[in-house]
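# Survey of secondary and tertiary structure
What follows is each chain in one-letter form.
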Amino acid sequence: MAQAQNSANMEEEVLVTGYRASLLNSTAAKRNSVGFSDEVFSDDIGKMPSQNLAESLSRIPGVRIEREVTGEGQQISVRGLGPEFTKVVMNGNSISVASDGSLGSGQKGRQVDLDMFPPELFSSLAVNKTSSAQQVEGGVSGYVNMRTIRASDMGDGSHFRVGLEGAYNEMSGETSPKYSFLYGYDTEKFGVLAGIVGKNSKSRTDGFESVGNYQDGCVAHWYDAVDDDDQPLGRKSGCIGNTEGREGYYQSTGANTFNYTDIATADYAAAHPGVNVGDQLDLNAVSGLTDEQLDNMKLPYIGRPMYTYGDRDSLSMILSAQFRPNENIEASLDILRAEADRSFVRNELVNIYRRNYLQYGLAWIPENIQLNDDGVVQSGTFYNNRSWVGSRAYEEELTYTSIMPSLHWQISDVFVMDLSGSRTESDFDRDEPYLLYYSAPGVMTHDYNSKMPTVTHSVDVASAGSGWTFGAGPGTEGDAYQAGDFRFQRNARTTETTSFKADFALGEDADISGIKFGVHWDENISDTTGFTGGDDWNNRVRNSDLNDNFANYVIDSPITDLTGKGVKGIASVNWGAVKDAVDYDNFVPDSSAGGDQFGSTIGDIEEKIFAVYMEGNSESEVAGRPFRTNFGVRLVDTEQTISANGLTKTSDYSRILPSFNAVYDVTESFKVRGSASRSLTRANPSSMFPSAAWNGSGVDEVAVGNYQLQPFESTNFDLGGEWYFGDLGYVGLNYYQKDITGFVKPRDRQIPLREVQAAVEALGYEFEVSEDSLTDIQLVAVADCGGIKDGTCVTNISDDVNIEGVTTLTGWEAIWVMPLDFLVQGLGFNASMNKIDQDASDPDGEIFGISDTTNFTAYYENFGFQTRVTYTLQEGTETGGGWSPLLADDRAQLDLSASYDLPMFSDYNVTVSLDAYNLTNEPMRSVFESDGNTFNLRYPGATYTLGIRASF
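Keep in mind that this is a model prediction, so the values were computed, not measured.

### Quick notes on the overall build of the protein
Each helix and strand in the protein was counted, giving 9 helices and 55 strands. On C-alpha atoms alone, the protein measures out to a radius of gyration of 31 Å, which is about the 30 Å that the 2.2 N^0.38 rule sets for 952 residues. Principal-axis analysis of the C-alpha atoms places the extent of the protein at approximately 100 × 75 × 55 Å. Accessible surface for the protein amounts to roughly 38600 Å². Of this, 51% is attributable to carbon and sulfur atoms. Side-chain charges of the protein comprise 69 positive and 137 negative groups, with the mean position of each set lying 4 Å from the other.

### A short note on the sheet that holds strand β3 (residues 37–41)
What the 5 strands build is an open sheet, ordered β3-β8-β9-β6-β7; its pairing is mixed. For this open sheet the edge positions go to β3 and β7 (93–94), each flanked by a neighbour on one side alone. Relative to β7, strand β6 (residues 86–90) runs antiparallel, the two being bridged by 2 bridges. When the sheet's bridge partners are listed, Val 89 is paired in β7 with Ser 94.

### Quick notes on the state of the cysteines
Tallied over the full model, the rule gives 1 disulfide. Here Cys 785 engages in a disulfide with Cys 793; their sulfurs sit 1.4 Å apart. For Cys 793, a relative accessible area of 7% translates into the label buried.

### Points about the packing of aromatic side chains
Geometrically, a pair of aromatic rings is defined through the distance of the ring centres and the angle of the planes. This model, assessed by the stated rule, comprises 38 aromatic pairs. Ring geometry for Trp 537 versus Tyr 584: centroids 5.8 Å apart, planes at 85 degrees, classification edge-to-face. Linking Trp 537 in helix α6 (residues 534–542) with Tyr 584 in the loop between α7 (575–581) and β34 (590–593), this pair joins segments that are 47 residues apart in sequence. Overall, Trp 537 belongs to the buried group, its relative accessible area being 2%. An angle of 55 degrees between the planes, with centres 5.1 Å apart, marks the rings of Tyr 735 and Trp 812 as tilted. Of this pair, Tyr 735 sits in strand β42 (residues 730–741) while Trp 812 sits in strand β45 (residues 807–819), and the two are 77 residues apart along the sequence. Here Trp 812 falls in the partly exposed class, since its relative accessible area comes to 42%. The ring of Phe 344 has Arg 342 sitting right over it, with the charged end atom 5.5 Å from the ring centre.

### Things to note about empty space enclosed by the protein
Applying the stated rule across the entire model yields 14 cavities of 30 Å³ or more. Volume-wise, the largest cavity comes out at about 810 Å³. Listing elements by their share of the lining of the largest cavity, those giving two or more residues are β10 (157–169), β11 (174–186), β12 (190–209), β18 (304–326), β19 (329–350) and β55 (943–951). Within the lining of the largest cavity, the residues separate by chemical class into 14 nonpolar, 16 polar and 11 charged. When its volume is computed, the second largest cavity comes out at roughly 370 Å³. Lys 87, Ile 95, Ser 96, Arg 110 and Asn 524 are, among the 26 residues lining the second largest cavity, the residues nearest its centre. Counting residues per element, the ones that place at least two in the lining of the second largest cavity are β6, β30 (490–509), β31 (513–532) and β35 (604–622). Counting residues per element, the lining of the second largest cavity draws most heavily on β30, which supplies 4 residues. When its residues are assigned to classes, the lining of the second largest cavity shows 8 nonpolar, 10 polar and 8 charged.

### Some words on the pattern of salt bridges
Applying the stated criterion across every chain, the model contains 45 salt bridges. Here Arg 346 ties to Glu 348 by a salt bridge, and the two come within 2.9 Å at their closest N and O atoms. Take Arg 346: its relative accessible area is 5%, and that puts it in the buried class. By relative accessible area, which is 0% here, Glu 348 ends up buried. The partner of Glu 722 in a salt bridge is Arg 673, and the shortest N-O contact between them spans 2.8 Å. Of this pair, Glu 722 sits in strand β41 (residues 712–724) while Arg 673 is found in strand β38 (residues 670–681), placing the two residues 49 residues apart along the sequence. Looking at Glu 722, the relative accessible area reads 1%, which means it is buried. Judged by relative accessible area, which is 2%, Arg 673 ranks as buried. Connected through shared salt-bridge partners, Glu 209, Arg 304, Arg 346, Glu 348, Arg 392, Glu 432 and Arg 938 make up one network.

### Let's talk about the side chain of Asp 38
One can find Asp 38 in strand β3. On the basis of relative accessible area, Asp 38 is assigned to the buried category, the value being 8%. Look past the residues within four positions of Asp 38 in its chain and what remains in contact with it is Lys 30, Ile 60, Leu 125, Ala 126, Val 127, Lys 129, Tyr 730 and Ile 815.

### Side note on the sheet that holds strand β25 (residues 442–447)
An order of β20-β21-β25-β26 is seen for the 4 strands of this open sheet, with the pairing classed as antiparallel. This sheet does not close on itself; its edge strands, each paired only once, are β20 (365–371) and β26 (454–457). Pairs of neighbouring strands in the sheet enclose a mean axial angle of 10 degrees, with direction left out of account. Here 5 bridges tie strand β21 (residues 377–385) to β25, and the two strands are oriented antiparallel to one another. Of the residues in β25, the one forming a bridge with Ser 379 is Asp 447.

### Considerations on the nonpolar core
Counting residues in each nonpolar core, the largest one holds 37 residues, and the members touching the most others are Leu 57, Met 90, Ile 95, Leu 114, Phe 117, Met 146 and Tyr 400. Looking at this core, the elements with two or more residues in it are α2 (53–57), β5 (73–78), β6, β8 (122–128), β9 (142–148), β12, β19 and β22 (388–412). Those residues in contact with Met 90 that sit more than four places away from it in its chain are Ile 95, Phe 117, Phe 122, Asn 145, Met 146, Thr 148, Leu 336, Tyr 400, Ser 402 and Met 404. The next biggest cluster of nonpolar side chains, apart from the first, holds 29 residues, and it includes Val 389, Val 461, Phe 470 and Val 541.

### Considerations on the pairing of β22
Relative to β22, β19 runs antiparallel, the two sharing 22 bridges. Residue pairing for β22: Glu 330 is matched across the bridge by His 408. Across 5 bridges, the pairing between β22 and strand β24 (residues 434–438) is antiparallel. By the bridge assignment for β24, Val 389 is matched with Tyr 437. Relative to strand β23 (residues 415–431), β22 is paired through 15 bridges, and the arrangement is antiparallel. Across the sheet, residue Ser 402 finds its bridge partner in β23, namely Thr 424.

### Focus on a nonpolar patch on the surface
On the surface, a nonpolar cluster with roughly 450 Å² of combined accessible area is contributed by Val 666, Phe 670, Trp 723, Phe 725 and Trp 816. The topology assignment puts Phe 670 in strand β38. A relative accessible area of 34% places Phe 670 in the partly exposed class.

### Brief notes about helix α1 (residues 18–32)
Look at α1: 22 Å from first C-alpha to last across 15 residues, which is about the 21 Å you get at 1.5 Å a residue. For α1, the tally of buried residues reaches 11 of 15 residues, placing the bulk of the element in the interior. Along α1, the residues classified as buried are Gly 18, Tyr 19, Arg 20, Ala 21, Ser 22, Leu 23, Leu 24, Asn 25, Ser 26, Thr 27 and Lys 30.

### Re a negative patch on the surface
Together, Asp 313, Asp 341, Glu 395, Glu 397, Asp 427 and Asp 429 make up a negatively charged patch on the protein surface. Looking at the negative patch, the elements that each hand over two or more residues are β22 and β23. Tracing the backbone shows Asp 429 in strand β23.

### Things to note about the environment of Ala 126
Within the secondary structure, Ala 126 is located in strand β8. For the pair Ala 126 and Asn 169, spaced 43 residues apart in sequence, the C-alpha to C-alpha distance is 30 Å. Once residues within four sequence positions are removed from consideration, Ala 126 is found in contact with Asp 38, Glu 39, Tyr 143, Val 144 and Asn 145.

About the criteria used
- Residues numbered from 1 in each chain as written.
- Predicted model: local features only at pLDDT ≥ 70, side-chain atom pairs only at ≥ 80, totals over all residues.
- Heavy atoms only, no water.
- Helix = DSSP H or I, 4+ residues; strand = E, 2+ residues; numbered from the N terminus.
- Rg over C-alpha atoms; globule rule 2.2 N^0.38 Å.
- Areas by Shrake-Rupley, 256 points an atom, 1.4 Å probe, with all protein chains shown as cover.
- Lys, Arg positive; Asp, Glu negative; His and termini not counted.
- Charge placed at Lys NZ, Arg CZ, Asp CG, Glu CD.
- Pairing = 2+ DSSP bridges.
- Disulfide = S-S within 2.5 Å.
- Buried < 20%, exposed > 50% of the residue type's maximum accessible area, 1.4 Å probe, protein only.
- Phe/Tyr/Trp six-rings, centres within 6.5 Å; stacked < 30°, edge-to-face > 60°.
- Lys NZ or Arg CZ within 6 Å of the ring centre and 35° of its normal.
- 1 Å grid on protein atoms, 1.4 Å probe; cavity = no way out; pocket = protein on both sides within 12 Å on 5 of 7 lines; lining within 4 Å.
- Points joined across faces, edges and corners; volume = space filled by probe spheres on them.
- Nonpolar A, V, L, I, M, F, W, Y, C, P; charged D, E, K, R; others polar.
- Salt bridge = Lys/Arg side-chain N within 4 Å of Asp/Glu carboxyl O.
- Contact = heavy atoms within 4.5 Å.
- Axes fitted to C-alpha atoms, helices over the stretch in contact; angles between N-to-C directions.
- Core = buried A, V, L, I, M, F, W, Y, C linked by side-chain atoms within 4.5 Å.
- Patch = residues over 30% accessible without salt bridge, like charges linked within 9 Å, V, L, I, M, F, W, Y side chains within 5 Å.
- Expected span 1.5 Å × (residues − 1).

This is how it looks when you write it as structure tokens:
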């Protein structure tokens, strides 16, 4: 949007456009605010500073991007806390998007995926890092308001904005088209805007993944197993050793999730003249390891090179109407509809770093193994290896609709009423069938000499003709078979929000001096459904053609230049034929699954929230200089109804949230700010789903869901200021502290079995422990320990609870916006950084994912030419993890944006643009904290966008 700027002597009007106009508006908004806030504006042709809302926000200090596996910004974190701690609203109203997060996650919390919304349909994005009473509560870390575009933002009369782009991704080698069209008509009394944005995104991501830290194995032999009465159990395999009653067998130390064999296989014999198939080998000599090293040598759990490729079609539409019958009343209606369909194939080559058991004919012969000091394999050769491919065919559908009417009424010179309503609906469906299949036996080499292991195979794992089978095939005894696996995985989620707000302001300009008060009501609903195939699905797969003729369904790898060393492709399957083989489209799954494919409990939650607030704004003078304050209090009551596993529970709580903000003009150009507030974020619904059930077949543990989890709460303090040396330029420095309580941790309590019923009922569940309620297996366990009432049975009750400790976040934010017109007209830069630390009184309150961030943008705009280069650095941080702590690597991304206004079409403001994102193909990588080896590594590639836009 164009911005008029007066010179110091007020004699000349200079028109500032483009990126500088966006910066100018951001500077003005920050200068006029009372609290600590930053705002990003679209420029004069309706383009945000980046082509993604999350990327546009990334230059604000303290904002960190959470990325999809494709590398595209998806969610934002503010001041170290995760996306679920940031309250994202649209036009001041609560929203919810039903998406499931990235391809590799299953989040069902309060996060909002920003990649759902095209930036062309928004005029500004505001990040408030301190609270005021009128803001909708829910963001411990920050409050983000996305304001949709209206006709009045485009100017008086009729205006068109059109755009056409093509984005080339170097990984996929394909171009993604995008188009946009907006029309706005605005008069003194009436305004209407309609717009549409469509995009087909084609992407590919290469990488390496593992599921956990390390596993180890053992040398396995066949043995004649017997039971306690010396009755034969059949021919089994187990680790070499001795135990009473099981000659030739014992349970080795460690995880033992893979096997070695000392019996020569065909590929080993072929590579070693004089050795015959079936000869017994000296594994110590062959591997170069001792018995202890063989028993404990480590490899990544399910280490696998992978790739994803596919496309995402999205279509977004906006309709906005404004009606001003007189100068005191304005009624508005904003409707936004967004749809996205995603189709992806993901293939992963598991190098059988687990479960290559002897009984399935999969045990290795390890040769020339080199270990590091921790016993981790650095290099070596493995004979009789059968690679295991997992192929997934994602089909996703996501919709979002919001209808937001509002009314602004200047009732008198000193009294204003604002009414607004909102209704949003969002639906998400993810279908993710997962097919597993094996290659023929061959030789694998492993060399961990770079960011990811270099693994080679004598079998061409990229070729369809490499002996692929739906299972490992008969074992060496002829009676063992490792079957293939075809997992039915599907889940759906629906979210709804309904809200009404009545806000009132008393005073000629209540934002400066006056009283504001209001009533807010919200209802938020999230329903999740999990689907399972069950026995019907398993029977359908067993009886299909996949078992006998699986080779007919395999195709050559569609990727032949996989990033990394060793494997250059992974054979895929013809998913259309695979689905036809099991009549996939006509299969009706069971929709009563209590969990999803990520192992998370699912359920439904309904929240009804009622809030009232009052705040006062004042402007006075201290020592002859302006001093502005904002003081308020918000009272909020929350009622929750939570359902899962056939149980429904309710809870409620109320909180008082005070806030205070002040700004003092030390000089005309130097401002000092201070803020104190109390804020909250409600607990993740997935941690609250009610349940009370035995965990396992015995009486060892009862798993209980805690529907009474309290919200996270934070006491916040901020102190800082800015020095403005022009309408555009300034430097700012802020210090902040957050004292956060309410973090959730698992709790385990071991109590006598006779007390379990009372203990579980005290948590709000009906639970019976009696001879009539226990299964036969449980009754045997109870009898072994002497009975329910008088026995020695001990049961662990496991649930989640709010910890009592406090986690303190402290940080520094700095920002510098610097025009360099005194050197070259139109030259300048803006930079920001955030430095953050934490101190947790309880180790379970440690926050994962916090990191320091730095952003730097250099720009030049003059003579119709605009260009800017942006450098973004997110420093490494601890990200948590299941088996062992993980660290994310530092990640620096370099982006370029350039455009030129064609002078021959000046009446139509035609601009050609060239943008480049992630120029250096910077990967996203996390490592094990213990040794720095790779956990996940993904290369999204660079993207180059050529476009043309016009406005008239």
